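Spelled out, the chains give:
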Amino acid sequence: MNYKMMGHFLAQILSIEGIFMLPALGISLYCGEMAAFRGFLDTLLLIVGIVLVLFLLCRGAPSAFRAREGLVCVGISWIVLSLVGCLPFYISREIPSYIDCFFEMVSGFTTTGASIVPDVEALSKAILYWRSFSHWLGGMGVLVFLLAFTGEKGQGFTMHLLRAESPGPNVGKLVPKMRKTAAILYLIYVVLTILDIVFLMAGDMPLFEAVCTAFGTAGTGGFGIKNDSMGGYSPYLQNVTTVFMILFGVNFSCYYLLLIRQWKSVILDEELRAYLGIILGSIVLITLNLRGYYGTIGETLRHAAFQVGSIITTTGFSTTDYDLWPSFSRTILLCLMVIGACAGSTGGGLKVARVLLLFKGLHRNVRQMLQPRKVELVRNNGQTVSQKVLDNTNTYLVAYVIILFVVFTIISLDGFSVGTNFSAVLCTFNNIGPGLEAVGPTCNFSQYSSLSKLVLSWAMLAGRLEIFPILVLFSRSTWKQR
């Protein structure tokens, strides 16, 4: 295990976190929020100290960097980022409990949006900004940001890290060099975020609110800066957010293909067509099921489209209390929680690509039972899917189900209803945010015990990092010297 290089890498990650805290520090000073200012200043000083120590201890690190180091680096980095990133909440005393602070920060970086804050409008602007910005940074990935703006360091450095952090069944290169791939992804991400801000401000949303809302939309996180999330905004602003949530749930490779004018590849992309088809079908079914719940068909369609876009992209914004909807509509939303957005997007969940592979693999296996001698291949976008990818997809599903029920069993110790606990696990593990019943869109997670909050925080990290970078940290073989 290359501990020195891992320490050097962790120092770089903390440096990036510190740099991105500077705008929040400036906001707190400008607004005269001295408690928040002290929180960010003390945290920055701590980061400087840790970074200096790590750089001194990890000088002359070997260049070898394997898949094992990549997985461990990603898992540890996200945990440390959350442990340090939550300190402004705690030092400023805007969130008095450190475990609550950690839960809130993990929810931010993993773009979950599950909160323990009952009154977000009482928070300072600097804290609100940092909460929302954590979504933006965690959406594309802080490690992807590092790879986009630093050179390759050691054999396999960029590929192992990008594979470990990027969501989806596999990671491909847009261009020959992984660093350029990461830079292209972030450029697209930044442009879409700016466009979202422009459209929101065109609807008379104040700049600060537009920036925070765009951060939550781009990262598909969903931390609101209003107690009613998006419910108090105009239909125009809600519709803009609906569109951009869906756009950020698309595989970013599709946007790159559009830039290089490969229109046909985008149009024929099976995952994109399935993603849009699921969204359209869900909107139609929920709209029909909600007849009579709202004044007009237009209002019904708007709320249905917003919540479908919010849930399938795992954003978690809300315009209405969908926990009051009929059971059929809520069941559709629960299914969308599991499916999630596209691979290579900022969304969570199983991913549409993985769901497609599971169904195609099932179809192939059934056909092989009927015709054992016939060779059946699984294809995606006209290309044969390797057995290794299918095996990895099946392994992921097994791990997904096991973790789902283990976490569900542990948090059931708190005595809440089955519906509350099950939706709490689904919405944290799939990085969605609000669930149903006691953790619905008008409620929060503050009522859970400290143990449950820590377990749900672990579930959020496991869901965002596609399970394995977190699981390997608990494997004895990971830490053995070879």
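Refer to the preceding data block for the structure.
Quantities reported herein were computed from a predicted structural model and do not represent experimental measurements.

1. Brief notes about the overall build of the protein chain
Item 1. Helix and strand content of the protein chain: 21 helices and two strands.
Item 2. In terms of its C-alpha atoms, the protein chain occupies a principal-axis envelope of roughly 60 × 60 × 50 Å.
Item 3. A separation of at least 24 residues holds for 72% of the contacts in the protein chain among residues at least 6 apart in sequence.
Item 4. Carbon and sulfur atoms provide 66% of the accessible area of the protein chain, an area that totals close to 19900 Å².

2. Some points on the nonpolar core
Item 1. Counting 135 residues, the largest nonpolar core has Phe40, Trp130, Phe252, Tyr275 and Phe445 as its most contacted members.
Item 2. Once residues within four sequence positions are removed from consideration, Phe40 is found in contact with Met21, Ala24, Leu25, Pro88, Ala126, Ile127 and Trp130.
Item 3. Within the second largest apolar cluster, five residues are counted, among which are Val378, Val385, Val389 and Leu390.

3. Looking at the pattern of salt bridges
If charged atoms from side chains of opposite charge come close, those side chains can pair.
Item 1. According to the stated counting rule, one finds seven salt bridges in the structure shown.
Item 2. The partner of Arg354 in a salt bridge is Glu466, with the nearest N and O atoms 2.9 Å apart. With Arg354 in helix α17 (residues 352-370) and Glu466 in the loop between α20 (450-464) and α21 (468-471), this pair connects stretches of sequence that are 112 residues apart.
Item 3. Take Arg354: its relative accessible area is 4%, and that puts it in the buried class.
Item 4. Exposure remark for Glu466: the relative accessible area of 7% places this residue in the buried category.
Item 5. By sharing partners, the salt bridges in this structure join Lys351, Arg354 and Glu466 into a single network.

4. Observations concerning helix α1 (residues 3-30)
Think of an α-helix as 3.6 residues a turn; residues three or four steps apart then line up on the same face.
Item 1. The first and last C-alpha atoms of α1 sit 41 Å apart over 28 residues, in line with the 40 Å expected at 1.5 Å per residue.
Item 2. Of all the bends in α1, the greatest reaches close to 30° and is centred on Leu22; the proline Pro23 follows between one and four positions later.
Item 3. One or two residues past the end of α1 sits Gly32, with phi positive at roughly 70°.

5. Brief notes about the side chain of Thr241
Item 1. Looking at the secondary structure, you find Thr241 in helix α11 (residues 235-248).
Item 2. Filtering out sequence-adjacent residues up to four positions away, Thr241 remains in contact with Leu200, Thr213, Thr217, Met230, Phe306 and Phe317.

About the thresholds
- Residues numbered from 1 in each chain as written.
- Predicted model: local features only at pLDDT ≥ 70, side-chain atom pairs only at ≥ 80, totals over all residues.
- Heavy atoms only, no water.
- Helix = DSSP H or I, 4+ residues; strand = E, 2+ residues; numbered from the N terminus.
- Contact = heavy atoms within 4.5 Å.
- Areas by Shrake-Rupley, 256 points an atom, 1.4 Å probe, with all protein chains shown as cover.
- Core = buried A, V, L, I, M, F, W, Y, C linked by side-chain atoms within 4.5 Å.
- Buried < 20%, exposed > 50% of the residue type's maximum accessible area, 1.4 Å probe, protein only.
- Salt bridge = Lys/Arg side-chain N within 4 Å of Asp/Glu carboxyl O.
- Expected span 1.5 Å × (residues − 1).
- Bend = angle between axes of the 7 residues up to and from the residue.

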